[in-house]
Amino acid sequence: MAKVEILDENTANQIAAGEVVERPAAAVKELVENALDAGARQILVELEEGGKYLIRVTDDGSGMSREDAVLSLQRHATSKIRTVDDLFQITTMGFRGEALPSIASVSQMTITTKVAGDNEAAGVQIRCAGGLLEEVSEVGARTGTSITVENLFYNVPARLKFLKTSSTELTHIVELMQRFALARPEVAFRLMHGSGEVFAAPGTGSAMDACVHVFGRETARHLVPLDYDGAGLQVTGFISTPSALKSSRSAQHTFVNTRHVRNKAVTRALDEAYKSVQTLHGTRYPAAVVMVQIDPAQVDVNVSPTKTEVRFTREGDIYAAVYKAVQEALMAGGLVPTLTQKLSSPAPSSRQEPEEHPALLSVPPRPAGNTRQEPRDTTAFHEAVIERARQPFDDDPFEGTIFQPAPVPVAPAPSLSANGGDYRQHNLDSLRVLAQTRNMYILAQTDTALVLIDQHIAHERVLYEQLRAGAEGGGAGVPTQRLMLPFTLEVSKREALVVENRLEDLRRAGFDLEPFGGDSFVVRSVPASVAQKHLKSQGSPEEVLREIIEELVEKTVSRRLLLPAEEVLITASCKMAVKAGDPLSFDEMNALVSDLLKSENPYTCPHGRPIIIELPNGDLDRKFGR
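Going along each chain's sequence as written, the residues are numbered from 1 onward. For this predicted model, a pLDDT threshold of at least 70 governs which residues receive local features, and a threshold of 80 or more governs which side-chain atom pairs are given and counted, while totals over whole chains, interfaces and linings are taken from all residues. Hydrogens are left out, water is left out, and the side-chain values use all remaining heavy atoms of the structure.

1. Side note on the sheet that holds strand 1 (residues 42-48)
Defined as follows: Should DSSP find at least two bridges between two strands, the strands are taken to pair. A run of DSSP states H or I qualifies as a helix once it reaches four residues; a run of E qualifies as a strand once it reaches two. Both are numbered from the N-terminal end. Between N-to-C directions, angles cover 0 to 180 degrees, with each direction set by a line fitted to C-alpha atoms, over the stretch in contact for helices. Between two residues, a contact is recorded if the distance between any of their heavy atoms is within 4.5 Å.
Pairing is mixed across the open sheet formed by eight strands, whose spatial order is 5-4-3-6-2-1-7-8. The outermost strands of the open sheet, each flanked by one partner alone, are strand 5 (132-139) and strand 8 (196-201). Between one strand axis and the next, the sheet turns by 10° as a mean value, whatever way the strands run. Sheet topology places strand 4 (residues 123-129) next to strand 5; seven bridges connect them, and they run antiparallel. When the bridges of strand 5 are listed, R127 appears paired with E135. Helix 6 (residues 166-183) rests against strand 1, strand 7 (188-193) and strand 8 of the sheet, and its axis sits at about 170° to strand 7.

In structure tokens:
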């Protein structure tokens, strides 16, 4: 008896389904991608019980003829590639030819479709169950395709039992549809669960409009645009300012040629670029929409059956492009908070329903159409899943509104993002120092705004960059002053261990120490600014040095590891900077602001707090009714 046998088609299809369709969201993904490849501008997704009982995807795309519809249920049948060479230059969302037969093999599927361009032709309807064709008939239908998937995994109980609750499955689908809306802002999407609308995006063509619908107004108003073009690729999208950090990566979305993907190089570039201008402590992440456009021949999307992972032939170029795009977007003004009130609710839309297919995205209540008809009260369920679906995001500003898709793209709405100027381009002529208030903040003025500068963290940023430059150059980064009478510093055993490991880093911070026996150290030079503080009776060099050592010990103990050298410089710059409450002369304020404007990053201190806050002239005038 032969040991090697060819599997029957149904078994092969179910194996393929296990690779492509592991949950309802995967089925929705494949069907929506097909709709997009068919040129759809309006896509409606209807669900029951998180997609476990019913998934219906309806589009206004090009549709299929009778012959094409039947062939689409055959394995490896596709309209998107013709030869093996096409695999190395994929320009469509789908291409493998496995989605429809794989889904059909584990569900009861109905396809209703009508090809575009032939008003006289009838539509075609195909019914199949478990991958077996049951009926092909002519029906009345509008142009486009509607695919209904009922009772997913009904014939694969082993896979059915691994599905999560309906609420969890719905959450995955909501997040999927939000990614589609971000990738294709020119397409109108609507997601229904039962008789309730869970998510909608109008398809105006504005990327910012899509961000508002996905992230909510509050997060969207803190987004700044990405724009990089070079080395044969383009990076666009948005990155959030430090005012809108999240506790997880759920608000980070990466797309390559409009395909949502996961790629470690892109994620690492995003993290490193953000940290280069905004130090992140703990687990806080910016919201981001990163759109990479690249020659399809330079990217391999055929890595996994689900097409969510990609490989690049020039991974280093991708990393560099994303890094530069994010860094420049933040440095060009994205780190300057403004003293503005929250945006008011948008006015009701005056757009009319599209003339063509007016009912496509308007869904009246109707039976679910699933074969499990037991009665159930879904009111509490809907309330729970809709609340669950919104949890990853700040708010949903469109709750209770009626979705009206736009028939054609309209002019983008005014940007809601923070739009502070690029202070690296300012000097003391364009940024004029006015006064000091509460011995804490420096008031200044530009042609467009009143500016407040925190004197302590501004000085901290200046000192940190000087110290870092000195560390990279191998010497002290700030002017030092040798002491005529060195002093002895006695510390605890625990402090001595930290100091011994940090002698070189402290020297680069301007403190020249050397062991003096036991737990003592002799200090021969200190930063000149610290010596000046002593002359002004604002804290002796020994007191400043002790503050630095105490904080280093505390951080070392709390994190249970040896702190990186950069942390020593950050701590030193903080302790050496002027304090809140220190009075500054006009010349001292001018000198500090001048140094700040020359710094690489004048926006945030090394700990991530904002240095500069704007009150735009227009906002100030409105407060006075001008």
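2. A closer look at the packing of helix 6 against helix 7 (residues 207-215)
Rule in force here: Here the angle decides the label: under 35 degrees means roughly parallel, over 145 means roughly antiparallel, 65 to 115 means roughly perpendicular, and every other value means oblique. In this scheme the handedness of a crossing depends on how the near helix is turned from the far one: anticlockwise by less than a right angle means left-handed, clockwise means right-handed. Residue polarity is assigned by list, with Asp, Glu, Lys and Arg as charged and Ala, Val, Leu, Ile, Met, Phe, Trp, Tyr, Cys and Pro as nonpolar; anything else, Gly included, falls into the polar class.
In the contact formed by helix 6 and helix 7, the axes pass within 8 Å of each other and the chain directions differ by 165°. On the basis of their axis angle, the class for helix 6 and helix 7 is roughly antiparallel. Between helix 6 and helix 7 lies a crossing whose hand is left-handed. Counted together, Q178, A181 and L182 of helix 6 and A210, C211, V214 and F215 of helix 7 form the full contact between these two elements. Among the residues forming the contact of helix 6 with helix 7, the class breakdown is six nonpolar, one polar and no charged.

3. With respect to the pattern of salt bridges
Applied cut-off: Salt bridge criterion: a side-chain nitrogen from Lys or Arg within 4 Å of a carboxyl oxygen from Asp or Glu. For each residue, the accessible area found with a 1.4 Å probe, counting protein chains only, is set against the maximum for its type, and the residue is called buried under 20%, exposed over 50%, and partly exposed in between.
Here the structure, examined in full by the defined rule, presents 21 salt bridges. The shortest N-O distance in the salt bridge between E135 and R127 comes to 3.8 Å. Since its relative accessible area comes to 37%, E135 is described here as partly exposed. Note that E460 and R609 form a salt bridge whose closest N and O atoms lie 3.7 Å from each other. With a gap of 149 residues between them, E460 in helix 12 (residues 455-473) and R609 in the loop between helix 18 (586-598) and strand 24 (612-616) connect regions that are remote in the sequence. The exposure class assigned to E460 is buried, which follows from its relative accessible area of 0%. Three or more residues joined by partner-sharing salt bridges are found here, namely E504, R507 and R508.

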